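Report on the structure
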Amino acid sequence: MCGIIGYIGGKQAYPILIEGLHKLEYKGYDSAGIAVQGPDSLKIIKTKGKVSHLEEKAGEGFPVGFAGFGHLRWATHGAPSEINAHPQKACSDDFALVHNGIIENYLSLRRWLESEGHRFVSETDTEVIAHLIEHYYRGDLLESVQEAIKKVTGSFALIAGYRDEKDRLVCARKDLPLMIGLGGEENFISSDLAALLPHTRKIHILEDGETALVTASAVKIYNTDCTVLQRKAQEITWDVTSAEKGGYEHFMRKEIMEQPQALRETMRGRLLEGGRKINLAELDFAPEEIEKISKIFIVACGTAYHAGLVGKYLLEKILRIPVEVDVASEFRYRDPLLCADTLVIVISQSGETADTLAALRLARERGQQVLAITNVVGSSVAREADKVFFTWAGPEIAVASTKAYLTQLFSLYLLTFYLAQERGAMEQIELQKAGEALYNLPDQVEEILNREKEIPGIASYLSRWESAFFIGRNLDFAVALEGALKLKEISYIHAEAYAAGELKHGALALIVEGIPVVALAIQETVLEKSLSNIKEIKARGGYVFCFAREGMEALASEVDSIFYLPSTLDDIFLPMLAVIPLQFLAYYTAVARGCPVDNPRNLTKSVTVE
Ligand code: F6R
């Protein structure tokens, strides 16, 4: 996500803010900006691109002042550009703020504020909050911020400043981190501990719904009722490097742990009324467009391709529309049979993968409508597709994709059930159940994450082998492919995923005494068949780690180790839970082998060559 830094005290704010922005750079961003409370104006400098560009822009004579705030933006509403960078201002240049998060009701607020005479210049949702603060201002910045945030729905961590209240900054949070570092006669605010630790270890971590008034010598924290709270600051013992990784040793583990929050962002504004309604009006499909879709192609690479395979099972099962899934580099050269009424879905975390982009262009040249599922606003894929569905996973830093994959899956579920809703392809009651299951999924993901300690034992066995198999049928096979890819890319173990029924057609020859086999036996409809495949492996000495569902305890006596997924969800949703222990498995195996988890050899995060 984006990064925030704020300072107020006896020193020049600008160098402290720039240093703070550098500390936040590791998170990934596309533009940067600062505001400094000068003697008689709020001086704002912002730019698309790096913090170093911002420094060049500020030049030698940087803005003078003892309070200010800075921001690194990871675009959500509106492409990366100077105008969309933060700080965002209101109509007058006197109010400004920086904001992390997404304001769901920004369009209706913007329309209302425009009718009240406010003029907007950016495409951001953030600008709405600046205007709201201006609108409610009656001589007290804190009160106007408290009033403004009552009107917004969505997530936010923000700092606001007003020209005539130079001695104070106001900050607020909901669903995103924001903390205040106490430094004696100066105070610091940030979305990230890493930016505070060089200055202080005494930290107030704001809770959801809280606002704070921060001056050089005091911090007052208020709850949602605007009552002052008495709370002691915490003493933080982490070093800066572990703070960057949220206290984890690797970004990959941090990103695995971030998945519940990432899913909540993906569903924000899309799953309404506790999941009973799916709203993807953002895709701007006309009813007749949805009605006439008669074929779907899903095109992607690597992990995103594996998400597409789950999407195929799902779309075909729910919509009864034929779906083909292609690796992007193959799609392009196989002269695909595209016809009228085909929807092409491309999936790409980065939005810059050359093969996926080439496939997208080919589809568009052939007159196809292309819907992109991507994580990066302003990316080539996002710009060139006809319709874009953002996954909102936030920046993913580890090369091995985890939270981006899960949010891609979730997006495909949302899309499928939305199309079903619009096509009348499901009974209302069934649709509601599906929406509710999706709505509650982040909690279920949390439960699986809490069982992390069941995995290192398995990983320790796996780490001693140079070869492993992953097997599964139907949806389990799609997940097995992803599990095997994760393992091979970060632990360098040769891992093969096989459709369980295919083993006997050749690969069974490779099953030798002790070889690790990860068997996914989750899908109830093929349980008997999966069990026979497991028995074939056991009979040849394979060592089977089984992933099953509660209620399938009979499997336990057939395998060497078993991990149960909850039985509360319908089979169809389980890929989104099953992948999590497999992510941990790859992670702990790589750690046991001493591999550089976040930066595996020969791989880069964004593959921009064909
Ligand atoms: C594996 C991984 C890659 C990417 C692939 C496509 O963990 O991350 O397989 O999924 O390179 O990348 P995007 O999604 O950026 O198009």
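Residues numbered from 1 in each chain as written. Predicted model: local features only at pLDDT ≥ 70, side-chain atom pairs only at ≥ 80, totals over all residues. Heavy atoms only, no water.

**Let's talk about the overall build of the protein**
- Looking only at helices and strands, the protein features 20 helices and 27 strands.
- For the C-alpha atoms alone, the extent of the protein along its principal axes is close to 80 × 55 × 45 Å.
- Per-residue burial over the protein gives 61% buried out of 610 residues.
- Taking as baseline every contact in the protein between residues at least 6 positions apart, the subset at least 24 positions apart corresponds to 72%.
- Split by element, the accessible area of the protein, about 23,100 Å² in all, is 49% carbon and sulfur.
- Once the 64 positive and 83 negative side-chain charges of the protein are each reduced to a mean point, those two points are 1 Å apart. (Helix = DSSP H or I, 4+ residues; strand = E, 2+ residues; numbered from the N terminus. Buried < 20%, exposed > 50% of the residue type's maximum accessible area, 1.4 Å probe, protein only. Contact = heavy atoms within 4.5 Å. Areas by Shrake-Rupley, 256 points an atom, 1.4 Å probe, with all protein chains shown as cover. Lys, Arg positive; Asp, Glu negative; His and termini not counted. Charge placed at Lys NZ, Arg CZ, Asp CG, Glu CD.)

**Some remarks on the sheet that holds strand β23 (residues 467-472)**
- The five strands lie next to each other as β24-β23-β25-β26-β27, forming an open sheet whose pairing is parallel. Because the sheet does not close on itself, it has two edges, and the strands there are β24 (494-499) and β27 (561-565). Adjacent strand axes in the sheet meet at a mean angle of 15°, parallel and antiparallel pairs treated alike.
- As defined by bridge partners, strand β26 (residues 543-549) adjoins β27 across five bridges and the pair is classed as parallel. Paired with A548 across the bridge in β27 is Y564.
- Packing of helix α18 (residues 475-491) onto the sheet brings it into contact with β23, β24 and β25 (516-520), and relative to β24 it is tilted by some 175°. (Pairing = 2+ DSSP bridges. Axes fitted to C-alpha atoms, helices over the stretch in contact; angles between N-to-C directions.)

**Observations regarding the packing of aromatic side chains**
- For the structure shown, the criterion picks out 18 aromatic pairs.
- For the ring pair Y137 and Y162, a centre distance of 4.5 Å and an interplane angle of 50° mean the geometry is tilted. In this pair, Y137 is assigned in the loop between α4 (126-136) and α5 (141-151) and Y162 in strand β7 (residues 156-162), connecting sequence segments 25 residues apart.
- By relative accessible area, which is 10% here, Y162 ends up buried.
- Consider the rings of Y461 and Y543, whose centres lie 4.1 Å apart with planes at 15°: the pair is stacked. Here Y461 is found in helix α17 (residues 456-462), whereas its partner Y543 is found in strand β26, with 82 residues between them in sequence.
- For Y543, a relative accessible area of 27% puts it in the partly exposed group.
- It is R270 that lies over the ring of F389; its NZ or CZ is 3.9 Å from the centre. (Phe/Tyr/Trp six-rings, centres within 6.5 Å; stacked < 30°, edge-to-face > 60°. Lys NZ or Arg CZ within 6 Å of the ring centre and 35° of its normal.)

**Brief notes about the site of the ligand**
- Looking at the ligand, there are 14 residues lining it, with S348, Q349, S350, T353 and E489 nearest.
- At a separation of 3.1 Å, an oxygen atom of the ligand approaches a polar backbone atom of T303.
- One of the side-chain N or O atoms of S350 is found 2.6 Å from an oxygen atom in the ligand.
- In the complex, the protein chains occlude 89% of the 400 Å² of accessible area that the ligand would expose alone. (Near = heavy atom within 4 Å. Polar contact = N/O pair within 3.5 Å; in protein donor to acceptor, adjacent residues only side chain to side chain.)

**A look at helix α11 (residues 302-319)**
- Relative to the 26 Å expected for 18 residues at 1.5 Å per residue, α11 spans 25 Å between its end C-alpha atoms, a close match to the ideal helical length.
- A large share of α11 lies buried, amounting to 13 of its 18 residues.
- Just downstream of α11 lies R320, where phi reads positive at about 55°. (Expected span 1.5 Å × (residues − 1).)

**Thoughts on the side chain of H131**
- Tracing the backbone through its elements, the reader meets H131 in helix α4.
- Of the polar contacts made by the side chain of H131, one reaches the side chain of H118; its length is 3.0 Å.
- At 3.3 Å, the side chain of H131 and the backbone oxygen of R119 are in polar contact.
- Filtering out sequence-adjacent residues up to four positions away, H131 remains in contact with K89, A90, C91, L113, H118, R119 and F120.

**Considerations on the packing of helix α1 (residues 13-24) against helix α2 (residues 51-58)**
- One way to put it is that α1 packs onto α2 with a least axis distance of 10 Å and a crossing angle of 160°. By the criterion of interaxial angle, the relationship of α1 to α2 is roughly antiparallel. Viewed along their axes, α1 and α2 form a crossing whose handedness is left-handed. Every residue of α2 that contacts α1 at Y14, I18, L21 and H22 is listed here: V51, L54, E55 and A58.
- In terms of residue class, the contact of α1 with α2 is made up of six nonpolar, one polar and one charged. (Parallel < 35°, antiparallel > 145°, perpendicular 65-115°, else oblique. Left-handed = near helix turned anticlockwise from the far one by under 90°. Nonpolar A, V, L, I, M, F, W, Y, C, P; charged D, E, K, R; others polar.)

**Some remarks on the packing of α18 against helix α20 (residues 575-592)**
- Contact geometry for α18 and α20: axes closest at 9 Å, N-to-C directions at 20°. Classified by the interaxial angle, the pair formed by α18 and α20 is roughly parallel. Crossing of α18 over α20 shows right-handed handedness. Touching L475, V479, E482, G483, K486, L487, I490 and S491 of α18 are P575, A578, V579, L582, L585, A586, Y587, T589 and A590, all from α20.
- For the contact of α18 with α20, the residue count by class is twelve nonpolar, three polar and two charged.

**Focus: the pattern of salt bridges**
- A complete count under the given rule lists 37 salt bridges for this structure.
- In this structure, the salt-bridge partner of K312 is E316, at a minimum N-O distance of 3.2 Å. Residue K312 and its partner E316 are located together in helix α11, separated by four residues, close to a single helical turn.
- Overall, the relative accessible area of 27% leaves K312 in the partly exposed class. (Salt bridge = Lys/Arg side-chain N within 4 Å of Asp/Glu carboxyl O.)

**Quick notes on unusual backbone geometry**
- Look at the link from H86 to P87: it is a cis peptide, with omega at 5°.
- When you line up the elements, P87 lands in the loop between β4 (67-73) and β5 (88-89).
- A positive phi angle, near 55°, is found at R320, a position not held by glycine.
- Following the sequence through the fold, R320 ends up in the loop between α11 and β19 (323-327).

**Remarks on the sheet that holds strand β6 (residues 95-100)**
- Pairing within the open sheet is antiparallel, and its seven strands lie in the order β5-β6-β7-β8-β12-β13-β14. Two strands bound the open sheet, and with one partner strand each, they are β5 and β14 (228-229).
- Of the pairings in the sheet, the one linking strand β8 (residues 169-174) to strand β12 (residues 211-214) comprises four bridges and is antiparallel in character. Directly across from L169, in β12, lies its bridge partner V214.
- The strands touched by α4 are β5, β6 and β7; relative to β6, the strand with the most contacts, the crossing angle is about 140°.
- Lying on the sheet, α5 is in contact with β6, β7, β8, β12 and β13 (219-222); it crosses β7 at an angle near 145°.

**Focus on the domain arrangement of the protein**
- On domain assignment, one finds that the protein holds domain 1 (2-237), domain 2 (243-449) and domain 3 (452-592).
- The centre of domain 1, based on its C-alpha atoms, is set 32 Å off from the matching centre of domain 2.
- Contacts between domain 1 and domain 2 engage 20 residues on the former and 15 residues on the latter.
- Note on domain 1 versus domain 2: buried area summed over both sides is about 1,400 Å², and carbon and sulfur give 65% of it.
- Its largest share of buried area at the contact with domain 2, domain 1 owes to Y26, W74 and E104, together 41% of the area lost on that side. (Domains from an automatic or database assignment. Buried area = accessible area lost by both parts, 1.4 Å probe.)

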